[in-house]
Structures are given as C-alpha cells and as structure tokens.
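An overview of the molecular structure
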There are 2 protein chains.
Amino acid sequence: MEYLVMLPGPTNVPDRVMNAMLTHIINHRSDDFRRLYKTIVEKTQRVFQTQNDIVLLTTSGTGAVEASVINMIRKNDKAIIPVNGEFGTRLADLIDSWGGHAIRVTAPFGQNPQYSEIEDAFDRNKDIKAVYAVYNETSTGTTLRYMDKLSQLCSDRGAFFIADAVSILGGDELPVDKWNIDICVTASQKALAAPPGVSPMSISSRAKKHMQANPPPTQYLNLKRYFKYYEENFETPFTPALPLFNAFSEALDMVLEEGLDKRIARHKACADAFYAGLDAMGLSPFARQDARSNVVIAINYIPGMDDKKFRGLLSQQFRILIAGGFGDLKGKVFRIGSMGEVSKYHVMRTLSSIASVMNVLGLKVSPDAGSIALKRLESAI
Amino acid sequence: MEYLVMLPGPTNVPDRVMNAMLTHIINHRSDDFRRLYKTIVEKTQRVFQTQNDIVLLTTSGTGAVEASVINMIRKNDKAIIPVNGEFGTRLADLIDSWGGHAIRVTAPFGQNPQYSEIEDAFDRNKDIKAVYAVYNETSTGTTLRYMDKLSQLCSDRGAFFIADAVSILGGDELPVDKWNIDICVTASQKALAAPPGVSPMSISSRAKKHMQANPPPTQYLNLKRYFKYYEENFETPFTPALPLFNAFSEALDMVLEEGLDKRIARHKACADAFYAGLDAMGLSPFARQDARSNVVIAINYIPGMDDKKFRGLLSQQFRILIAGGFGDLKGKVFRIGSMGEVSKYHVMRTLSSIASVMNVLGLKVSPDAGSIALKRLESAI
C-alpha cells in the first residue's frame, strides 16, 4: 500500500509526474532531446525567476551543491558561510577539503546566525570570494530570513552569492534575479515534487565567466562542459536520466499552472496549520519563531515519544512517512516535509494520525488540534 | 510513435522495467529501501560475477568512471591506459587533470593497442599503480580482447586493474572475480537495458582499503562514504534516484532470468548477423576483425551515404535510432547499439530499414542481406 510521503524529500509525486517517466526513450543527441531540454531550461528559469543559464545535472542535490563549490572555489579562496545545521556544516567542510577556506558564522541549531556577524566576517577578512547560504536548513527546520539583505551585502562587497536552495525552491520566496544570486541550486524531489535524481542550478553570467576561466580538474560536474554542450547543441555533455528529465518537465508544468505565488502561499498556509495543530497537541517546534521553515517542520519530541516507536507506528499503522533527526538531533526531533503537493488533505491526515499515535503511546492530546489546524487552512487556502 | 532504439545507449527498455519506475515513493532511510538496495547489490554481484562490494551511484556512466579515478589516483600516481578512441582519451585526460600521470598505449582507432606495448610500458616505468582499460570503446566499436592477459599482467606487476565496462557489461564475457578486476564500472542504460541515470560499480577489498585510506576531497563521488553508509545501514549517503533503482532492479531480474551465458550468446549472434548482413550490403565495419565489438557495431559510410540524411530518414521514416560518429569520426561512421533487449526482430527490422534507406538514397543494395543475416540468427538463437 502506498505511503503518504511527508518526508523533507523525496515527497509525494503526482501521478501525472510519475507517468511522464514512461515517455518512450529517445536519442539524447537529437532534436527530440534538444526540444525537451530547451523547454525544461525555459520553465526552470520561470520557476527560479531568473534569466540566468540553467544546468540540469543527473545527480541528487548534493551533486549540484558540490558543483557550486568545485566550479567556483580555488585554493585558498575565502568563503563566508552561515552554519546552523548538518547541511551548512557539510557544505563548509566541502569548501575546506576542496582547498578553500570556509569562514563559518555559526549559531546554535534552530536559530539563524546574526546578520551583523556576517558583516563582521567581511570586515575581518579581506578578499572574500563568495557567500554560501543554505537557505533552508533541512536538518533543523530553519530558513535564513535575510537572503535579501545578504544579497545586498554581497553586491556591496563584491562577493559571489551562492544559495543552496535544495529543500525550499518552489515552496517559499526565492526570486533569483532580484536577489542577485550567482548560483542557485535545488533538487527535483523537494518542493518541486518530482522524483529524485536530477538537480537544476542557475548560474549568473559573471559566475559563468569565472567558471569558464577556472574549470575544475574533473569531468562529471564540470560546468564549463555543460555550458559548451548547451551552447553548441542544447544538449548535456553526458547521458541524461531521460525518464527523470521528462518527469521534472511535467512537475515544472504543474508549478507554472498553479502559479508560483499561489504555490508559496499554499506552502505557508500548510506550515502554519502544522505549527498550530502540533502546538495544540503540546508539541513545540525545534526552530526559534523567527527562523521557522515553511517547508520542513522540525518538532521536539516530548517524554513518552520514542522516535523509533512513534515513526514506526505512523509508518506501519497509518502509512505516513516522516523523518527523524540528523546527527546530534537523532531521537530528539521528528521532521515533517510540508512541501510539493502538500494540501489540506496532507496536513489533516498527518495531524490526526500523529494524534492517534500519541494516544496509542499513552499520551493525552487535546482534541482541538484538528479543528485549530483546519481553521487556519480554511482561512488561507 | 515509439522508436526502435538501436543506439549504443540508451537502448530499448522493456515495459516491465519502465513500469517498475512507477513503484510508489518510499523513505530512502527505512527498511523498505534497505531491502531494495540489498537485493540490487546481490543481483549486481551475480551479473558482475563477483563477491566484491557493489556501489550504485545516481549518475550516468561518466560519473562512475570518474569515481574510479578520483578515489584511486593521487598526485603523480602512474596509470597505464590503452587508448584507441574517445572514451579512452577522455579517461586518460581525467587521470592527468586529476594530478596523476597517464601512460597512454595507443593504437589507431579501430584497432587495439598491442598487448606487448603494455608490457613494455610496465618495463619502462616503475611504480605503476593501476591499469585502466576501456573494455569496449563505444566510439569506434572495438573491444579489448586481452582482458584476461591484462589481468594476469596486473597481478604479476602488483598494479590495480580497473575496467570501464560501461557499454558492454551484460553483453559480453566479463567475469570480474576471475579476471581480478579491482574496480569494474558500468551504467544502467547499455547492455543491461534499464533507463539511464544510475551506474553500478564493483570494488575489490584491496581497492576498498586503499580508497578508505585515501578519500578524495569531494563528497558526491566519495566512495568511502558509500561504504560507510552501506556497512552501517545498507543505505546510500545521498538521496538515490528511487524510480531508477526500481527499474534497475527489475532489469537485473531479467538478466538473471535469461541467464548470463544465454544473454551473451544472444548478443554475439545478433552482432554476427549485423556484421554479415551489412557486409552483404557492401558496408564494412570500422573496427579491424580481431577487435570488433559484439555490442557496438561501427560501420564506415560509403559514398552517397550522408550521415545527416541517412540517419534522418532512418529516424523519421522508419522510427529507428542509430548513432553517428564521435569527434574525428563524425560523418564517417554510423554506430548501431546491438545491446540489451536486442533480438532477431531488432536486427532484421534495422537491417531491412537500412537497406530501404540506402535505396532511397539511390544506392544499389544486394537483396541477400536479409536472408544472410536471418540464417546466422536462426542457426545461433
């Protein structure tokens, strides 16, 4: 039996998108493919709100995040990076191991680093080449709420601005050109509700120039090659995951048919309902109010809620998948992916199932949670 | 309308395998996934004829080939590589750009380098760390016919033996353990007849030990991480392309149901029929007799056969996809992928369509080609 997939990726994939994978195999060196790839690029530009070049990698999100580092960072290059969770940590580690110098501006998990500390980091260090920002920290359910100010700061200081938007693009505000984002990275299986395995990224013309002059010593994630193949032939340099390209194209259609504004409002309303409903059950978010994500809802466990038992019951008895915590947060939080297809139905079924499981575990839960959440949803969408 | 996909990858994908992509989305951090991944690993071991560790990457073949380099080669490491086509050239270039030193043993395209010259390369160079062999050179339709001897040579000289078997595994002999192959790389969309986007590789215990002690400064293709996640949890470190994993699993079932020996015999018979039928049409293989591939049939164009016109007619009028030449061979050869599902039907439909297109182009073709090919096929499979 099918699961309700409330993970922070992969998510539920609409049947339309799944079925697109059955499109017959074509030659990836032919006009059939060129048409497909061009339309994906154009639609991705609209969803990213950018005129920048688009590259679609056959990788999961980590592959595209890595491409944003190895095509940009050279030995001893300094990059500032706010770090408040697993994915920020991982990205900063990659910058260091690749030979760059990551300047970490940290905050306790669940909070965003102070914006002023990023300014200080610029003041204290000369020649900052780039700021890498994990826009939504999937591991803790926090969203960096000063991307616009960070964009201005990067412009003022002449640094590249790079956004890891893997778990958020399509589910919250992210106007790439307005925010002057030089590289914006996302993945198919998060708020865009396609299957996992392809990852789109946008690259500004100045970032592109830099990459073309400084290609990495590798091939698979070498973006110079992607630019060349696209410019000469509208192709990818290596065999693309055709079924996933078709599915991603269909998923983009669904985003554009709904409209970005409506989609973002829907995500916000569902997140609000989740937070309100869970609060009524006595469950509090891990993230501080001002940092809370609209796409990943991370919730503290309370005594009596064992991670394995809780998520096991939810999965086996209610066929609902949610995620546990990462690293130090293992066993301390659970995480709901409220993204992609997420709707009233997903929120209400998930909340009522959580309430039932809490009852099974012997915990008293207010009967109001459902009606509180529903009220929020009905006033919003 | 559907194409008959006679490309050297992607190939025709059986409906069973395509439909497996519709399997519902699961949590890639759950027992559901662990079961799937374990069964893929076990089946891949049987198809690779190995007890070695298996890693399944969410990349096309180039990603896995790159993983075989960046996890093995360190600064100034010497590697011998036979080069007689595009993919050998590309692999040697990668070894060099990554900081290693590729010792190229070359031959004119269409021929295999002399085995004795590889011995000479060992004699002339101390401390050869590895031999990288492109078993089937997709760009020219040649297969390296001394893999067993090369294996023995590597054992005698204490070098790692690494096989790029991207376009051949499942379509010709490749007993990984018998040939002591330390790293064997293939891709889903070639002779295994799955959709493109995942690439399996096998790694011997001594190669694994080496990799664990010398991980590359990157994350996505860092095999140490893959070993760790598999050993601790039977998981992949990064989100796997779930629908492609399901399809690949189904494709492996089909390989094992048919039986490797029968599958290889079928490939050989289809290749023989192609060569014989095309010969009867006055078309000669690009590869020298002793180097001819059973999976990629590269054929010289004759006067009157324009690549664009010929392949265009074949694609538009007969719905058959074949490939053109690479690099210097562009316009000079066409290439038929005779792999995966390939059967009597595929061979006969392709040959008769080629004959028709040649007629359309005003070329006289012997009417015997079909019956010659059919006779070969009927005596063999």
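Here is what the cut-offs are and how they apply
Residues numbered from 1 in each chain as written. Chains lettered and ligands numbered in written order. Predicted model: local features only at pLDDT ≥ 70, side-chain atom pairs only at ≥ 80, totals over all residues. Contact = placed C-beta atoms within 7 Å. Helix = DSSP H or I, 4+ residues; strand = E, 2+ residues; numbered from the N terminus. Nonpolar A, V, L, I, M, F, W, Y, C, P; charged D, E, K, R; others polar. Domains from an automatic or database assignment. Axes fitted to C-alpha atoms, helices over the stretch in contact; angles between N-to-C directions. Parallel < 35°, antiparallel > 145°, perpendicular 65-115°, else oblique. Left-handed = near helix turned anticlockwise from the far one by under 90°. Buried ≥ 20, exposed ≤ 12 C-beta atoms within 10 Å, placed from the backbone. Arc of directions from axis to C-beta. Least-squares fit on C-alpha atoms with pLDDT ≥ 70 in both. Pairing = 2+ DSSP bridges.

Describing the interface of chain B and chain A
Facing the 42 residues of chain B at the interface are 42 residues of chain A. Broken down by secondary-structure element, the contributors of at least two residues to the side of chain B that touches chain A are helix 3 (61-70), helix 4 (86-97) and helix 9 (242-258) of chain B. For the side of chain B that touches chain A, the element with the highest residue contribution is helix 3 of chain B, accounting for five residues. Looking at the side of chain B that touches chain A residue by residue, the classes come out as 24 nonpolar, 16 polar and two charged.

Overview of the environment of K209 of chain B
Its place among the elements puts K209 of chain B in helix 7 (residues 205-213). Placed 173 residues apart in sequence, K209 of chain B and L36 of chain B show a C-alpha to C-alpha distance of 26 Å.

Remarks on the domain arrangement of chain A
All names here are of chain A. When cut into domains, chain A gives domain 1 (4-8 + 259-380) and domain 2 (15-258). Here domain 1 and domain 2 have C-alpha centroids that lie 28 Å from each other. Opposite the 27 residues of domain 1 that make contact, domain 2 presents 25 residues. Looking at the side of domain 1 that touches domain 2, the elements that each hand over two or more residues are helix 10 (260-280) and strand 11 (296-300). Ranked by residues supplied to the side of domain 1 that touches domain 2, first place goes to helix 10 with five residues.

A word on the packing of helix 12 (residues 344-360) of chain B against helix 13 (residues 369-380) of chain B
Residue and element names in this part refer to chain B. At a minimum axis distance of 10 Å, the contact between helix 12 and helix 13 shows a crossing angle of 165 degrees. With respect to helix 13, the element helix 12 is oriented roughly antiparallel. Along this stretch, helix 12 crosses helix 13, giving a crossing that reads as right-handed. On helix 13, the residues touching K344, V347, M348, L351, S352 and A355 of helix 12 are A369, G370, A373, L374 and L377. In terms of residue class, the contact of helix 12 with helix 13 is made up of eight nonpolar, two polar and one charged.

What about helix 8 (residues 223-233) of chain B?
Residues and elements named next belong to chain B. Listed as buried for helix 8 are L223, Y226 and Y230. End-on, the buried residues of helix 8 take up no more than an arc of 50 degrees, which puts them together on one face. Set apart from the buried face of helix 8 by more than 90 degrees, the exposed residues are E231 and E232. On its buried face, helix 8 is in contact with strand 2 (53-57), helix 3, strand 10 (199-203) and helix 7. Downstream of helix 8 by one or two residues, F234 has phi in the positive range, about 55 degrees.

Observations concerning the relation of the copies chain B and chain A
Superposition record for chain B on chain A: RMSD 0.0 Å, screw rotation 180 degrees, translation along axis 0.0 Å. One copy is carried onto the other by what is essentially a two-fold rotation axis. Across chain B, the smallest distance between a C-alpha and the rotation axis is recorded for T59 of chain B, namely 2.8 Å. A symmetric contact is evident, with 100% of the interface residues of chain B recurring at the interface of chain A.

Observations regarding the sheet that holds strand 2 (residues 53-57) of chain A
Residue and element names in this part refer to chain A. Across the sheet, which stays open at both edges, the seven strands sit in the order 2-10-9-8-5-3-4 with mixed pairing between neighbours. With one partner strand each, in any of the chains shown, strand 2 and strand 4 (101-106) form the two edges of the open sheet. This sheet shows a mean twist of 20 degrees between the axes of neighbouring strands, independent of strand direction. As judged from the three bridges shared by strand 9 (residues 183-185) and strand 10 (residues 199-203), these two strands associate in the antiparallel manner. The partner of C184 across the bridge, within strand 10, is S202. Across the sheet, helix 2 (residues 31-48) touches strand 2, strand 9 and strand 10, and the angle it forms with strand 2 is around 110 degrees. Along the sheet, helix 3 (residues 61-70) makes contact with strand 2, strand 8 (160-164), strand 9 and strand 10, crossing strand 10 at roughly 25 degrees.

Quick notes on the pairing of strand 8 (residues 160-164) of chain B
Residue and element names in this part refer to chain B. Along strand 8, five of the five residues are buried, which leaves the element largely enclosed by surrounding structure. The two faces of strand 8 match: F160, I162 and D164 on one face and F161 and A163 on the other face are all buried. In this structure, strand 5 (residues 128-134) lies alongside strand 8, joined through five bridges in parallel fashion. Bridging from a neighbouring strand, Y132 pairs with I162 of strand 8. In this sheet, strand 9 (residues 183-185) lies alongside strand 8 in parallel orientation, the contact comprising three bridges. Bridge pairing in strand 9 places I162 opposite I183.

A few points about the pairing of strand 5 (residues 128-134) of chain A
Residues and elements named next belong to chain A. For strand 5, the tally of buried residues reaches six of seven residues, placing the bulk of the element in the interior. Alignment of strand 3 (residues 78-83) against strand 5, held across three bridges, turns out to be parallel. Considered in strand 5, the bridge of I80 is made with V131.

Notes on the sheet that holds strand 3 (residues 78-83) of chain B
Residue and element names in this part refer to chain B. The strand order across the open sheet built from seven strands is 2-10-9-8-5-3-4, with neighbouring strands paired in mixed fashion. Here the strands that pair on one side only, and so sit at the sheet edges, are strand 2 and strand 4 (101-106). On average, each strand axis in the sheet is inclined to that of its neighbour by 20 degrees, with strand direction left out of account.

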